[in-house]
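Reading the structure
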Amino acid sequence: SLTTPSMAVSAYSIGTPGTPWGAVQKKQWRDTREIQRCYNEEVVGKIVALGQDEAFEIHEYGALSQDPSKYKMFAVQTKNWSRDKPCVLITGGVHGYETSGVQGALLFLSSRAKHYSKHFNILVAPCVSPWGYETIQRWNAQAVDPNRSFNPNGEIVEGRSFNPEAATEESSALIQLLDRLDVQQWTCHIDLHETTDTDETEFRPAKCARDGIVRSEPGIIPDGFYLVQDETSPKPEWFTAMIDAVRKVTHIAPPDDDGKIIDEEVSQEGVIVIPCKKSLGLCAGVTDAPYRTTTEVYPDSPNATADQCNRAQVACIEGALNHILEKDACLSN
């Protein structure tokens, strides 16, 4: 099924309709955001626990100027890296409010990463946007979308759903970490996300207000899991493997009456296709990995629990890595 969040199209509470926000409105927005959960308890504590396992190395790769002592950024690396093994990057919490992106990444680390480290060099950044995690926000504290900030010089196309935004501390810190690791070729990058009802009830209205755009009618939120494919990297068998793995845990999003998902073309079951992710500033375009995708879980579905959402993220990662192993039999020996 598909859902349209119940809401009337009305003016956002901050700013003047049709006028882009300035510094005053952005500060007003930031000052009205509230802490709703604890990053230290729900995320950092689990990362510290992983650091007690000799299989992992913890990187503190940056901190947000909003509160450097509180919003430190961490990545977890498997220790037994080898030039003979492919390199895999898993990112979560680029949009901090998307809970299963963070908790799914942590669940993969605690349950399956050691197994796959026999075949892959693995780096996981579980929560790229810690302020967004605590305040349950899509944007960072500067009212910028971190998942549009990985290529701030990218081309902006009027009317396109995806356009690059300004660089952020969140994206810059992750890019610097990847530069320090100096991986010559990433094989796989999976960026863990959610599509939520609040995309339409809060975050799209806020974006329209920030950018001075007159809002249209609310869009349709797909009920189920789907993947985002980069049009420059079509790998239908790989996407099938991930969708088949996830359907064992939760349901796959159907297309709408126009055959689309979130107004984007569907390339195969449960997969939408968009322009090159690097050009759009998306995190999934931060490497040149031939196997790259963005996951989308629907946590507001009446047919899915929070645990299912977390396990769906893990199932997707496993389906992705298992397919790569099967394609290159020597990796699994």
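The notes below deal with the structure included here. (Residues numbered from 1 in each chain as written. Predicted model: local features only at pLDDT ≥ 70, side-chain atom pairs only at ≥ 80, totals over all residues. Heavy atoms only, no water.)

Here we come to the side chain of E318. The residue E318 is located in helix α10 (residues 306–327) in this model. The contacts of E318, once residues within four sequence positions are left out, are R112 and Y116. (Helix = DSSP H or I, 4+ residues; strand = E, 2+ residues; numbered from the N terminus. Contact = heavy atoms within 4.5 Å.)

Now for the packing of aromatic side chains. In the structure shown here, the tally under the stated rule is nine aromatic pairs. Plain terms: the ring middles of W81 and W186 are 6.4 Å apart, the flat faces sit at 85° to each other, and that makes the pair edge-to-face. Of the two residues, W81 is situated in the loop between β3 (72–78) and β4 (87–92) and W186 in strand β6 (residues 186–192); the sequence distance between them amounts to 105 residues. For W81, a relative accessible area of 25% corresponds to the partly exposed category. Note on Y97 and F203: the rings are 4.5 Å apart at their centroids and 50° apart in plane angle, and the pair reads as tilted. Within this pair, whereas Y97 is found in the loop between β4 and α3 (99–111), its partner F203 is found in helix α7 (residues 198–211), the two being separated by 106 residues in sequence. The exposure classification of Y97 matches that of F203, with both residues buried. Grouped by ring-pair contacts, the aromatic residues Y12, W21, W29, W131 and W139 constitute a single cluster. (Phe/Tyr/Trp six-rings, centres within 6.5 Å; stacked < 30°, edge-to-face > 60°. Buried < 20%, exposed > 50% of the residue type's maximum accessible area, 1.4 Å probe, protein only.)

Moving on: empty space enclosed by the protein. The full count for this structure, using the stated rule, is three cavities of 30 Å³ or more. Taken as a whole, the largest cavity holds about 50 Å³ of empty space. Around the largest cavity sit G224, F225, T250, H251, V297, Y298, S301, A304 and C309, which together line it. When its residues are assigned to classes, the lining of the largest cavity shows five nonpolar, four polar and no charged. (1 Å grid on protein atoms, 1.4 Å probe; cavity = no way out; pocket = protein on both sides within 12 Å on 5 of 7 lines; lining within 4 Å. Points joined across faces, edges and corners; volume = space filled by probe spheres on them. Nonpolar A, V, L, I, M, F, W, Y, C, P; charged D, E, K, R; others polar.)

Sheet architecture is open: 10 strands sit in the order β2-β3-β5-β4-β6-β12-β8-β11-β10-β9, paired in mixed fashion. Of all strands in the sheet, those bounded by a partner on one side alone are β2 (56–63) and β9 (260–261). In this sheet, β6 lies alongside β4 in parallel orientation, the contact comprising six bridges. What sits directly across from I90, in β6, is I190. In this fold α3 packs onto β2, β3, β4, β5 (121–125) and β6, with an angle of close to 145° to the strand it touches most, β5. Across the sheet, α10 touches β4, β6, β8 (226–230) and β12 (291–296), and the angle it forms with β6 is around 165°. (Pairing = 2+ DSSP bridges. Axes fitted to C-alpha atoms, helices over the stretch in contact; angles between N-to-C directions.)

So, about the pairing of β6. Counting buried positions over the seven residues of β6 gives seven, a clear majority of the element. Two elements, β6 and β12, share four bridges in a ladder whose sense is parallel. Within the sheet, the bridge partner assigned to C188 lies in β12 and is Y291.

A few words now on the state of the cysteines. For the structure on display, the rule yields zero disulfides. Among the cysteines around C188, which has no disulfide bond, C316 carries the closest sulfur, lying 8.9 Å off. On the basis of relative accessibility, which here comes to 0%, the residue C316 falls in the buried class. (Disulfide = S-S within 2.5 Å.)

With that settled, consider the pattern of salt bridges. Scanning the model with the defined rule gives 16 salt bridges in all. With a shortest N-O distance of 2.8 Å, D211 and R210 are connected by a salt bridge. One salt-bridge network, in which partners are shared between bridges, spans E165, K207, R210 and D211. (Salt bridge = Lys/Arg side-chain N within 4 Å of Asp/Glu carboxyl O.)

A separate point is unusual backbone geometry. The backbone phi angle of I262 is positive, close to 45°, even though this residue is not glycine. You can call I262 partly exposed: its relative accessible area is 27%. In this structure, D263 is a non-glycine residue whose phi angle is positive, near 70°. Mapped onto the elements, D263 comes out in the loop between β9 and β10 (264–268).

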